[in-house]
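One letter stands for each residue in the lines below.
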Amino acid sequence: MTTTNKSLEEDDASSSSLNRLPDEIILQILTKSPDLKTLCILHLVSKRFASIILQIDTISFTAPLVNPNTTSGDITTTGSPKNLFRSFLNGVVLKPIHLLKRMVTPSTKPLPPMISSFYGDSFRSAVTFLSKFTRVKFLSIELPVSNHRGVDNNNCLFKWNVKFSNRIESFRFLSPNGLNYVNGNVDEEGNDLDMELTIDSFKRKVHIAFQCLKDVIIRHRMLLYFVKDFPNLEKLSITDSGRRGTLCLSGGRLAEVRGWMDSEGGNVKPEMNRIEVPVNVSQCYVPVLNLPVSGCVMKGVTFVVMRMNGDVRDGDECLVSRGDGFEVEDEVEAAYSEAVVEILENHKDKMKRLL
């Protein structure tokens, strides 16, 4: 009994000491832990904590994996590129588009069922709690890696990047069979190390590219939703745990999207009704890419470029212009970015129009 009383007294003393701190100091302490899950737990401590926590302006959270054995999409690697495109259109775009268009329209729920079906009810609950942070300025979201049918995420090497504003303009996909660093410790190899491009390998890479495009479309809708719902946002990024690709808005590009929303009077429903599919698809295969700046060699490189917006520029030149590179955060991203530049500068003649 004495030990219990002593413990209670120590807890009361600790709580009393914390209560004597001004709100500004507590806010500074809590800001050191921007993880949304942690903030949710601390939000339940007391009414005072709850009111202080909601003043935090920097938040990050990681969405849990819904089901590691669940695959998304029903595209197979059989058939021609045009058949893959039709499958993408029917199974990935037309089927869920009626749910996508509800992304930024007022609703009693923060996210439509389309998003929950990909990222689960836990993600919906997290966004519900996130909506309480009306002052948030910096938001970082990490989603689980999508489990696509026929794709081994552990052995398949690929990254993508996208150029966008209120619409997706272009999408780039780069997938080497192997990545070797000459003077470093990084040595990544995929499933296929053949130097020649086989038909099955080509179909598989195009299949993966279309699946990634589906992910991009969903994340872009999600990004627009957050921009609309959080008027104080200064930077927003959405990535995945596999670091396959990132959608990021800040500065002038974020201001451009906000300006578009303001010009529509907050009614962006017509834009969300718009079906986003590639209007132009080109592909390039390079057996070996020497990347001297990164100090590595890529083998069996497949490069796919899709133009989404027919109003951006006419002709095929926009597909093979340098434009924006991959997000460079470490030596792997740097290698992929250099590979894109190398292809567009020295292997542009290998680009072949698929659609």
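Scoring rules and cut-offs
- Residues numbered from 1 in each chain as written.
- Predicted model: local features only at pLDDT ≥ 70, side-chain atom pairs only at ≥ 80, totals over all residues.
- Heavy atoms only, no water.
- Helix = DSSP H or I, 4+ residues; strand = E, 2+ residues; numbered from the N terminus.
- Buried < 20%, exposed > 50% of the residue type's maximum accessible area, 1.4 Å probe, protein only.
- Core = buried A, V, L, I, M, F, W, Y, C linked by side-chain atoms within 4.5 Å.
- Contact = heavy atoms within 4.5 Å.
- Salt bridge = Lys/Arg side-chain N within 4 Å of Asp/Glu carboxyl O.
- Pairing = 2+ DSSP bridges.
- Axes fitted to C-alpha atoms, helices over the stretch in contact; angles between N-to-C directions.
- Parallel < 35°, antiparallel > 145°, perpendicular 65-115°, else oblique.
- Nonpolar A, V, L, I, M, F, W, Y, C, P; charged D, E, K, R; others polar.

Student: Just to check I follow, could you spell out the overall build of the protein chain for this structure?
Tutor: Of the regular secondary structure elements, the protein chain holds eleven helices and eleven strands. Expressed as a percentage of its 355 residues, the buried residues of the protein chain come to 47%.

Student: In this structure, what is going on with the nonpolar core? I would like to understand it.
Tutor: For soluble globular proteins, the rule of thumb is that nonpolar side chains tend to be buried together. Formed by 61 residues in total, the largest nonpolar core has its most connected members in Ile59, Phe123, Phe133, Leu139, Leu223 and Phe226. If near-sequence neighbours (up to four positions away) are discounted, Leu139 is found in contact with Ile59, Leu130, Phe226, Leu233, Lys235, Leu236 and Ser237. Counting 21 residues, the second-largest nonpolar core is a separate cluster that includes Leu179, Phe303, Val332 and Val340.

Student: Would you explain the environment of Leu223 in this entry?
Tutor: If you trace the backbone, Leu223 turns up in helix α8 (residues 199-229). The class for Leu223 is buried, based on a relative accessible area of 0%. Separated by 25 residues in sequence, Leu223 and Cys248 place their C-alpha atoms 8.5 Å apart. For Leu223, the residues in contact, after removing those within four places along its chain, are Phe164, Leu236, Ile238, Leu247 and Leu249.

Student: Would you take a moment to explain unusual backbone geometry for this structure?
Tutor: Across residues other than glycine, the phi torsion is negative in most instances, and most of the peptide bonds are trans. Of note, the phi angle at Arg243 is positive, near 55°, even though the residue is not glycine. The partly exposed category is assigned to Arg243, whose relative accessible area is 33%.

Student: What's the story with the pattern of salt bridges in this structure? I'm lost.
Tutor: Where charged atoms from two side chains of opposite charge approach closely, those side chains can pair. For the structure shown, the criterion picks out four salt bridges. Arg243 is the partner of Glu333 in a salt bridge, and the nearest nitrogen-oxygen pair spans 3.6 Å. A residue pair is termed long-range when its members are at least 10 positions apart, and Glu333 in helix α11 (residues 331-346) and Arg243 in the loop between β7 (235-240) and β8 (247-250) qualify at 90 residues. The network of salt bridges with common partners includes Lys159, Arg243 and Glu333.

Student: Any chance you could explain the pairing of strand β3 (residues 159-164) here in plain terms?
Tutor: Put simply, side chains in a regular strand alternate between the two faces of the sheet. For β3, the tally of buried residues reaches five of six residues, placing the bulk of the element in the interior. Hairpin connection between β3 and strand β4 (residues 168-175): a loop of three residues separates the two successive antiparallel strands.

Student: Just to check I follow, could you spell out the sheet that holds strand β1 (residues 58-62) for this structure?
Tutor: What holds strands together in a sheet is hydrogen bonding between their backbones, with the strands either parallel or antiparallel. With mixed pairing, four strands are arranged side by side in an open sheet as β1-β2-β7-β8. Each of the sheet's edge strands pairs with one partner strand only, and the pair in question is β1 and β8. Direction aside, the axes of adjacent strands within the sheet are offset by 5° on average. In this structure, strand β2 (residues 138-143) lies alongside β7, joined through six bridges in parallel fashion. The partner of Leu143 across the bridge, within β7, is Asp240. Against the sheet, α8 touches β2, β7 and β8, its axis set at about 155° to β7. Along the sheet, helix α9 (residues 251-263) contacts β7 and β8; its crossing angle with β8, the most-contacted strand, is approximately 85°.

Student: I tried to follow the packing of α8 against α9 on my own but got confused; where do I start?
Tutor: Each pair of packed helices can be described by the angle between their axes along with the distance between the axes. Axis separation between α8 and α9 bottoms out at 11 Å; the angle between their running directions is 75°. Viewed along their axes, α8 and α9 adopt a mutual orientation that is roughly perpendicular. The segment α8 lies against α9, with Leu224, Val227 and Lys228 engaging Leu254, Val257, Arg258, Trp260 and Met261. The residue makeup of the contact of α8 with α9, split by class, is six nonpolar, no polar and two charged.

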